[in-house]
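Descriptive analysis of the structure
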Amino acid sequence: MSKTQTHEFDAVIVGAGGAGLYAALEASSIPGNRTAVLSKLLPIRSHTGTAQGGIGAALGNVEEDNPEWHAFDTVKGGDYLVDQQAARILADDAVQAVYDLENRGLPFNRTLDGRIDQRRFGGHTRNFGEAPVKRACYAADRTGHMILQTLYQQCIKNEVAFFDEFHIVDVLIEGHRCAGVVALELATGALHVFHTKAVMIATGGFGRMYRTTSNAYANTGDGPAVLARRGVPLEDMEFFQFHPTGIRGMGILITEAVRGEGGILRNREGERFMERYAPTMLDLAPRDMIARAMMTEINTGHGILGDPSQDDYLHLDATALGADVLAKKLPDIREFCQTYLGLDPADKPIPVQPTAHYAMGGIPTDLDGRVTADGEAGVYEGLYAAGECACVSVHGANRLGTNSLVDLIVYGRRAGRHMAEFVRQADLPTLPGDAATHAEMIVKRSDKKPQPGQAAKIRTSMRDIMMDSVGVYRSGAGLSKAVEQFKALRAEAQDVGVGDTNQAYNTDLLEFLESQNLLDLALVTAASAAHREESRGAHSREDFPERLDERFLCHTLVTVEDGSIRFATKPVDTSIWKPKPRAY
Ligand SMILES: Cc1cc2nc3c(=O)[nH]c(=O)nc-3n(C[C@H](O)[C@H](O)[C@H](O)COP(=O)(O)OP(=O)(O)OC[C@H]3O[C@@H](n4cnc5c(N)ncnc54)[C@H](O)[C@@H]3O)c2cc1C
């Protein structure tokens, strides 16, 4: 192994998606702050770049709107597991954050009088649930791509130091003080220690735990998994969102904006079945409700094939939108359908199935993005998290469409600001003498015997188990079995060697590290889901179909120690709205 290099910065941000870049922009705007961004991908290939439909903010440009309604929708959409002051901040700050992006050069679609145009999205309503409202600001169906480009350019302007294709394998935490990270340079195989006053983890989602997912290959949850190994608890891991409309068999996302613009879900009889499940919001009900309705239609023989044993699907009918609207507002979606399905959605319905999409849970933080410890232990000093890997918690048990991009820019910015102020005052903590030792142990596989195909077999098993037992519907028996299976797969993975011994771009090693991270997260997801004996938001238990506020109106904190899993709870902030049954 090459010699370990050590770098020194004031602030180190891991992840160059929307959350990481916004934080880097803030951290680097204080003169003298030396800010670095580490990313295992080239920054503009981060998953934020694939976000299609829009970013929610109550600008009221097209219809009357109000941030308070946005906050309420967020809380109700999250089935009351959302921390309500956090949701208020999200909705209030979203308005200025969107204008800031506009001022920084983001080319939003416009109304005829030149204002930012807005469209409908699921669960977003006017006047506390009366009817759908146009709240999603968008740049065609490339909103995330535009956000990423805009922020990246601004970071370059601020002279942020980028370390591209650096993969973190460890975070250095002593007591409750973070002193840096250790990363593997993919081009050389060398380990690098980044010694710093503050670290932010912004590594995105982990949908790759599932067989069918909208998530990019890189979404492997490295940040939460690395922290969990250092004893940091993870929050609300049982809540994983299935997006209703993935392309059949592939999981590639067809944005909710298709339904926002008037697309309709239909079963084999051509019926608009959402009329029966959500009479007010119809096809724009929250995603958890629609995904469940779709699975129920399929399981009762109303899928297009009429046979639930056949990986059945439903139709998303966008033919009424017309070629013009599709070309102007959803050009990428039209192209996806042409490329992957050989059909034009202007003429034919799109075959769709629910696809694993978004992690509501993750690294617990306070309102300033500081990572919080278990119970009374307070915060980790100099350790921040933001974006999909974090849980602040504004999405609760189910995220509304467009609210992730808002989360990135509102809480990425807030956390970045706090971090900038913190590093201005803080001293550089002492670097542990053995800083790279733990990381060396993680990446060193030479004493293990390579077993061709074994790592891939373990990954496939994990994805199948997640899909079949930890998917849209769950049961106690299935979840308990999944927990045992994941424990066995983790033990098996310990002994797998890496066939490729090259230093440069060792993708075998990289895949191995990513799979280990996914397996750890799969285990805590299944265990947390088994622990929560109720149904709430995206977590739907066949054996406990009701929401049980008396027992479970609380966040789950899960810690893995020496293979055993420990649970704790954290209260939910319900200071504004009292939990009510959800109807749409
Ligand atoms: C297809 C699709 C469409 C979507 N559409 C929308 C939408 O319209 N509206 C909406 O609100 N939300 C949408 N979402 C959700 C939203 O895009 C994501 O939740 C969000 O972009 C995540 O941003 P992030 O900054 O947290 O992470 P990401 O953008 O995923 O970036 C993660 C970063 O972390 C880095 N990284 C990861 N692991 C490591 C490691 N080990 N070492 C170093 N770096 C690492 C990566 O290189 C990357 O730079 C969509 C998601 C998908 C998948």
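Residues numbered from 1 in each chain as written. Predicted model: local features only at pLDDT ≥ 70, side-chain atom pairs only at ≥ 80, totals over all residues. Heavy atoms only, no water.

**Re the pairing of strand β13 (residues 314-317)**
As judged from the three bridges shared by strand β12 (residues 264-266) and β13, these two strands associate in the antiparallel manner. Considered in β13, the bridge of Ile-264 is made with Asp-317. Bridging between β13 and strand β14 (residues 350-359) involves three bridges; their strand directions are antiparallel. By the bridge assignment for β14, His-315 is matched with Pro-351. (Pairing = 2+ DSSP bridges. Helix = DSSP H or I, 4+ residues; strand = E, 2+ residues; numbered from the N terminus.)

**Looking at the packing of helix α2 (residues 67-77) against helix α3 (residues 84-103)**
Two packed helices can be described by the angle between their axes and the distance between those axes. Contact pair α2 / α3: the axes reach a minimum separation of 8 Å and the direction vectors enclose 135°. In terms of their interaxial angle, α2 and α3 are classed as oblique. When the axes of α2 and α3 are compared, the crossing they make is right-handed. Contact residues: α2 offers Pro-67, Glu-68, His-70, Ala-71, Thr-74 and Val-75, while α3 offers Gln-84, Ala-87, Arg-88, Leu-90, Ala-91, Asp-92 and Val-95. Of the residues contributing to the contact of α2 with α3, the split by class is seven nonpolar, three polar and three charged. (Axes fitted to C-alpha atoms, helices over the stretch in contact; angles between N-to-C directions. Parallel < 35°, antiparallel > 145°, perpendicular 65-115°, else oblique. Left-handed = near helix turned anticlockwise from the far one by under 90°. Contact = heavy atoms within 4.5 Å. Nonpolar A, V, L, I, M, F, W, Y, C, P; charged D, E, K, R; others polar.)

**A closer look at the sheet that holds strand β10 (residues 234-235)**
Pairing between the strands of a sheet comes from backbone hydrogen bonds, and it takes one of two forms, parallel or antiparallel. In space, the three strands of this open sheet follow the order β10-β21-β22, with antiparallel pairing throughout. Edge positions in the sheet fall to β10 and β22 (564-571), since each has one partner strand and no second. Of the strand pairs in this sheet, β10 and strand β21 (residues 554-561) are connected by two bridges, and their pairing is antiparallel. For Leu-234, the partnering residue across the bridge sits in β21 and is Val-558.

**Observations concerning the sheet that holds β14**
Spatially, four strands are ordered β11-β14-β13-β12 in an open sheet, and the strand pairing comes out antiparallel. Of all the strands in the sheet, just β11 (240-247) and β12 have a single pairing partner and so form its edges. Strand-to-strand twist of the sheet, defined as the mean angle between neighbouring strand axes without regard to direction, takes the value 45°. Relative to β14, β11 runs antiparallel, the two sharing six bridges. Pairing of His-243 across the sheet is with Thr-355, part of β14.

**Some points on the site of the ligand**
Inspection of the region around the ligand gives 38 residues, with Ser-46, His-47, Thr-48, Glu-388 and Ser-404 positioned closest. Here an oxygen atom of the ligand and a side-chain polar atom of Thr-48 are 2.5 Å apart. Take Ile-168: an N or O atom from its main chain is 2.9 Å from a nitrogen atom of the ligand. Of the residues belonging to the shell around the ligand, the class tally is 13 nonpolar, 21 polar and four charged. (Near = heavy atom within 4 Å. Polar contact = N/O pair within 3.5 Å; in protein donor to acceptor, adjacent residues only side chain to side chain.)

**Some thoughts on the environment of Lys-481**
Tracing the chain through its elements places Lys-481 in helix α14 (residues 476-494). On the basis of relative accessibility, which here comes to 54%, the residue Lys-481 falls in the exposed class. (Buried < 20%, exposed > 50% of the residue type's maximum accessible area, 1.4 Å probe, protein only.)

**Focus: the nonpolar core**
Membership of the largest hydrophobic core comes to 80 residues, with the highest contact counts inside it found for Val-171, Ile-201, Leu-383 and Phe-486. For this core, the element with the highest residue contribution is helix α15 (residues 507-531), accounting for 13 residues. Looking at which domains feed residues into this core, each of domain 1 (5-239 + 358-425) and domain 3 (437-551) gives three or more. Setting aside its immediate chain neighbours within four residues, Ile-201 contacts Val-14, Ile-168, Val-171, Gly-223, Leu-227, Ile-363, Leu-383, Tyr-384, Ala-385, Ala-386 and Cys-389. Listed in part, the 52 residues of the second largest apolar core include Ala-19, Ala-27, Ala-86 and Ile-89. (Core = buried A, V, L, I, M, F, W, Y, C linked by side-chain atoms within 4.5 Å. Domains from an automatic or database assignment.)

**Remarks on unusual backbone geometry**
The step from Val-392 to Ser-393 runs through a cis peptide bond, and the omega angle for that step is -5°. Mapped onto the elements of the fold, Ser-393 is located in the loop between β18 (390-391) and α11 (403-425). With a phi angle near 50°, Leu-282 is a residue other than glycine that sits in the positive phi range. Mapped onto the secondary structure, Leu-282 falls in the loop between α7 (274-277) and α8 (287-299). We note that Tyr-505 has phi near 45°; this positive angle belongs to a residue other than glycine. Structurally, the position occupied by Tyr-505 is in the loop between α14 and α15. A relative accessible area of 43% places Tyr-505 in the partly exposed class.

**Looking at the domain arrangement of the protein chain**
Domain boundaries assigned for the protein chain yield domain 1 (5-239 + 358-425), domain 2 (248-356) and domain 3 (437-551). Here the C-alpha centre of domain 2 lies 28 Å away from the C-alpha centre of domain 1. On the side of domain 2, 27 residues touch domain 1, which itself brings 28 residues to the contact. Approximately 2100 Å² of surface area, both sides summed, lies buried where domain 1 meets domain 2, with 53% of it carried by carbon and sulfur atoms. Linking domain 1 with domain 2 are two salt bridges, by the criterion used here. For Arg-119, the salt bridge identified is with Glu-261, shortest N-O distance 3.1 Å. The tally of links from domain 1 across to domain 2 stands at 15 residue pairs in polar contact (both at pLDDT 80 or more). The biggest single contributor to the side of domain 1 that touches domain 2 is strand β4 (residues 118-126), with seven residues. When the residues that make up the side of domain 1 that touches domain 2 are grouped by side-chain class, the tally is seven nonpolar, 14 polar and seven charged. (Buried area = accessible area lost by both parts, 1.4 Å probe. Salt bridge = Lys/Arg side-chain N within 4 Å of Asp/Glu carboxyl O.)

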